Every structure is written in structure tokens, then in C-alpha cells.
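Residues per chain, in single letters:
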Amino acid sequence: MGGWYPGSRGSEDFSTFTIAQGIIDAAKTPGVRAINLSLAGYGDPPDAALSCPGSSTLGAMQCAVDYAVSKGVTVVAAAGNYNSDAPIYPAAFPNVVSVAGVDPANSMETWSNHNGPRENWVELASPGCYLTDMDATSQYTGIATFCGTSAASPYVAGETALL
């Protein structure tokens, strides 16, 4: 099932099913008010089906998101970095807050996915690039720039959790 969402780190499996299970586990955790998904793909692969109450046709990711929302958790997701209006998932699911990236002048970043003439799935935008201190234990030192909708969506998830 791997390959739809960004690959793996060591022997860990970041398949759609594994991520979906993480969403469900987080939604079951007392006090969780928001979940950030800084990842994207073009839809659930056919082998990622998960038994969903009330539907046998939903993929694992949609089922997990629906579960989280049913528990009162807001799900926020990165809109993608392809300068496209093609829906990216999970951000394009109807019950997910999708986040694009903007620059310091509040203009859409050139790489950020966005709404188009026929598609209206991106809901919010937040800073798409920020500077970060490199970890002192890292082989890299100094300041680095982290850009992408994966950098933008945590701002919205954090604000949502504070509401």
C-alpha cells in the first residue's frame, strides 16, 4: 500500500492505511482538537479500503477523516505544491480545511496549489515559507528555509486548536 503518500523513513511504513490509523488514534486521544496533515496525494488507492461504518466504498483516508470530524476534531491539510488547481487529497475532502501558501506580501506562492475556474477546494492560506534554526545535533548548522503548504498548514491547525 505504500507509495501514495510520501515514502518511508528507515523501516517505518507511511502507507495510506498507516496514516489513516494515525488519524483515528489521534482522534481518540482526549484533548485533541485539531490534526495537521502535511502530506498529499491524488486519491486513495484501491487497496487502501478500510471498513467504514455506513459505507464500504470510502477509502482509508476519507474514513479516518470522517471519524476524526465525528469526534469533534478539525482536520487541516496541506493543499500541495504543484501550482495546480487539481484537487489533492486529503486536503480536497469536503470536511478538511485545506491550506495554500502565501508569501510575506500575502500573495499566493508561485508553487502553491490553488482554486481554479472549475475547482473550489482550497479554503485558507497562511505563510508558506519560514526560517528555522537547524538542530544543534544536526550535521547542518545555521538557518534554513522551509517552504511548502506543509509549512503553511500547521499554522492553521495550531490556531484551530486554540479556538
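Description of the structure in this document. (Residues numbered from 1 in each chain as written. Predicted model: local features only at pLDDT ≥ 70, side-chain atom pairs only at ≥ 80, totals over all residues. Heavy atoms only, no water.)

### Some points on the overall build of the protein
- Of the regular secondary structure elements, the protein holds 3 helices and 6 strands.
- Listing every helix and strand of the protein by position from the N terminus yields α-β-α-β-β-β-β-β-α.
- When burial is assessed residue by residue, the protein has 37% of its 163 residues classed as buried.
- Sequence-distant contacts in the protein: of pairs separated by 6 or more residues, those separated by 24 or more amount to 63%. (Helix = DSSP H or I, 4+ residues; strand = E, 2+ residues; numbered from the N terminus. Buried < 20%, exposed > 50% of the residue type's maximum accessible area, 1.4 Å probe, protein only. Contact = heavy atoms within 4.5 Å.)

### Here's the deal with the sheet that holds strand E2 (residues 74–78)
- Taken together, 4 strands build an open sheet; the order of strands is E1-E2-E3-E4 and the sheet is parallel. At either end of the open sheet lies a strand with only one pairing partner, and these are strand E1 (34–37) and strand E4 (124–127). Adjacent strand axes in the sheet meet at a mean angle of 30°, parallel and antiparallel pairs treated alike. (Pairing = 2+ DSSP bridges. Axes fitted to C-alpha atoms, helices over the stretch in contact; angles between N-to-C directions.)

### Some points on the state of the cysteines
- As enumerated under the stated definition, the model contains 1 disulfide in all.
- Across a sulfur-sulfur distance of 2.0 Å, cysteine 129 and cysteine 147 are joined as a disulfide pair. Here the S-S torsion is close to 120°, and the disulfide linking cysteine 129 with cysteine 147 is therefore right-handed. Placement of cysteine 129 in strand E5 (residues 129–133) and of cysteine 147 in strand E6 (residues 143–147) is noted, with a sequence separation of 18 residues between them.
- Relative accessible area serves as the criterion here: at 28%, cysteine 129 is assigned to the partly exposed category. (Disulfide = S-S within 2.5 Å.)

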